[in-house]
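# Close look at the chain arrangement
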Amino acid sequence: MIPNVAVLQIESPHCHMPTLWLPLFLLWIPLILLSPLILFVILAACIAGRVSFWKAIATFLGILCALRGLNVRVTTYDSKVLVRIL
Amino acid sequence: MNENRRQILEMLAAGKITADEAERLIAALESEPAATAGVFTGNIAGSNGRNDATVKTHAKYLRVLVESTEKDGPTTVNVRVPMQLLRAGVRLASLIPAQAQDQLDAKLSKHGIPLTVSQIKPENLEELIDHLEDLTVDVDAKEEKAKVRVFCE
């Protein structure tokens with residue numbers, strides 16, 4: 001399933017921002033609008049690289065769907081970065 | 001008899017896997033803790049080169065923990081990567097054009113990494129995961145100490 005929300009938190013001495021909940025599902029709107037152009041670019045890249053178009057689409061969709069559950073947390077003595085994909 | 005063990009023995013009887021592979025699978029089953037024991041996913045190449053045996057693993061995430069002690073204070077890195085993402089990443093390697101793969105292999109071997117990108121396949125990843133139960137690497141430098149722990153969960 002394609003991830004819907006990303007959580008971003010950055011804390012450092014120079015920058016302190018509240019936890020951001022990014023609604024990734026809203027990206028579907030520009031993505032659908034630009035889909036003909038995006039598909040054309042992918043098709044051109046596949047032809048240039050002699051790669052199967054459907055295999056490329058399946059792989060990219062696979063990566064997109066597998067992003068769910070990714071969690072990166074880095075903490076140092078004065079800063080903290082958290083990225084979660086839900 | 002355990003269902004997984006029976007499945008492995010049936011695959012051995014059907015000639016889908018060799019005795020060595022069966023032994024390895026049974027050993028992996030026995031060493032699996034209760035939380036991860038059960039059905040496996042992924043493929044293991046049979047002796048005849050075909051991907052006959054389907055093996056499933058319950059590990060859903062690869063966890064990388066790095067704890068380092070620096071001058072200013074401790075630093076920790078905690079990364080949880082879904083196994084599906086690793087598998088998808090390996091499939092991505094198959095999309096790299098052959099010419100680029102050759103260049104990549106040449107660059108890697110130039111830097112002392114004898115790795116052939118075209119030979120990285122999802123079944124290799126499964127094998128790696130099977131053996132990667134709990135790996136801990138201690139890194140000692142002059143002024144810093146770090147502990148890297150990689151495990152599946």
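Described in the following lines is the structure provided in the data block.

### What about the overall build of chain B?
- When you go through chain B residue by residue, the secondary structure sums to five helices and six strands.
- Walking chain B from its N terminus toward its C terminus, one meets helices and strands in the order α-α-β-β-β-β-α-α-α-β-β.
- Residues classed as buried in chain B amount to 33% of the 153 residues present.
- Of the contacts formed within chain B by residues at least 6 apart in sequence, a portion of 41% connects residues at least 24 apart.
- Accessible area of chain B: about 9,500 Å², with a carbon and sulfur share of 54%.

### Re the interface of chain A and chain B
- Across the contact, 20 residues belong to chain A and 21 residues belong to chain B.
- Roughly 1,600 Å² is buried in total at the junction of chain A and chain B, and carbon and sulfur atoms are behind 65% of that figure.
- On the surface where chain A and chain B come into contact, there are zero salt bridges.
- At the junction of chain A with chain B, the criterion picks out four residue pairs in polar contact (both at pLDDT 80 or more).

### Side note on the packing of aromatic side chains
- As enumerated under the stated definition, the model contains one aromatic pair over all chains in all.
- Their ring planes at 70 degrees and their centres at 5.0 Å tell us that A:Phe53 and A:Trp54 sit as a pair that is edge-to-face.
- The class for A:Trp54 is exposed, based on a relative accessible area of 65%.
- In this arrangement the basic side chain of B:Arg80 is found over the ring face of B:Tyr61, its NZ or CZ atom lying 4.2 Å from the centre.
- Above the face of the B:Phe151 ring, B:Arg149 is positioned so that its terminal group lies 4.4 Å from the ring centre.

### Comments concerning helix α2 (residues 35-49) of chain A
- Taking 1.5 Å per residue as the helical rise, α2(A) with its 15 residues ought to reach 21 Å, and the 21 Å between its terminal C-alpha atoms agrees with that figure.
- The positive-phi residue at the C-terminal boundary of α2(A) is A:Arg50, with phi of around 55 degrees.

### Side note on the pattern of salt bridges
Residue and element names in this part refer to chain B.
- Counted under the stated rule, the structure contains one salt bridge over all chains.
- The salt bridge involving arginine 63 is made with glutamate 153; its shortest N-O contact spans 3.1 Å. Within this pair, whereas arginine 63 is found in strand β3 (residues 61-69), its partner glutamate 153 is found in the segment after β6 (145-152), the two being separated by 90 residues in sequence.
- Note on arginine 63: relative accessible area 18%, which makes it buried.

### Topic: the environment of A:Thr76
- Inspection of the secondary structure puts A:Thr76 in the loop between β3 (71-75) and β4 (80-85).
- Once residues lying within four places of it in the same chain are set aside, the contact partners of A:Thr76 are B:Pro74 and B:Thr75.
- One polar contact links A:Thr76 to A:Ser79, side chain to side chain, over a distance of 2.8 Å.

### Details of the environment of A:Trp21
Residues and elements named next belong to chain A.
- The residue tryptophan 21 is located in strand β2 (residues 20-23) in this model.
- For tryptophan 21, a relative accessible area of 55% translates into the label exposed.
- Leave out the neighbours within four places in its chain, and tryptophan 21 touches Val5, Ala6, Val7 and Leu86.

### Examining unusual backbone geometry
Residues and elements named next belong to chain A.
- In this model, arginine 50 sits at a positive phi of 55 degrees, which is unusual for a non-glycine residue.
- Inspection of the secondary structure puts arginine 50 in the loop between α2 and α3 (53-66).
- Accessibility expressed as a relative area gives 81% for arginine 50, which makes it exposed.

### Observations regarding the pairing of strand β4 (residues 74-82) of chain B
- By the bridge criterion, five bridges tie β3(A) to β4(B) in an arrangement that is antiparallel. Bridging across to β4(B), A:Arg73 finds its partner in B:Asn78.
- Of the strand pairs in this sheet, β3(B) and β4(B) are connected by nine bridges, and their pairing is antiparallel. Bridged to B:Val64 within β4(B) is B:Val79.

### Here we look at the pairing of β4(A)
Residues and elements named next belong to chain A.
- Relative to β4, strand β1 (residues 5-11) runs antiparallel, the two being bridged by six bridges. The partner of isoleucine 10 across the bridge, within β4, is valine 81.
- Bridge count between β3 and β4: five bridges; the pairing is antiparallel. In the strand pairing of β4, asparagine 71 is matched with arginine 84.

About the cut-offs
- Residues numbered from 1 in each chain as written.
- Chains lettered and ligands numbered in written order.
- Predicted model: local features only at pLDDT ≥ 70, side-chain atom pairs only at ≥ 80, totals over all residues.
- Heavy atoms only, no water.
- Helix = DSSP H or I, 4+ residues; strand = E, 2+ residues; numbered from the N terminus.
- Buried < 20%, exposed > 50% of the residue type's maximum accessible area, 1.4 Å probe, protein only.
- Contact = heavy atoms within 4.5 Å.
- Areas by Shrake-Rupley, 256 points an atom, 1.4 Å probe, with all protein chains shown as cover.
- Buried area = accessible area lost by both parts, 1.4 Å probe.
- Salt bridge = Lys/Arg side-chain N within 4 Å of Asp/Glu carboxyl O.
- Polar contact = N/O pair within 3.5 Å; in protein donor to acceptor, adjacent residues only side chain to side chain.
- Phe/Tyr/Trp six-rings, centres within 6.5 Å; stacked < 30°, edge-to-face > 60°.
- Lys NZ or Arg CZ within 6 Å of the ring centre and 35° of its normal.
- Expected span 1.5 Å × (residues − 1).
- Pairing = 2+ DSSP bridges.

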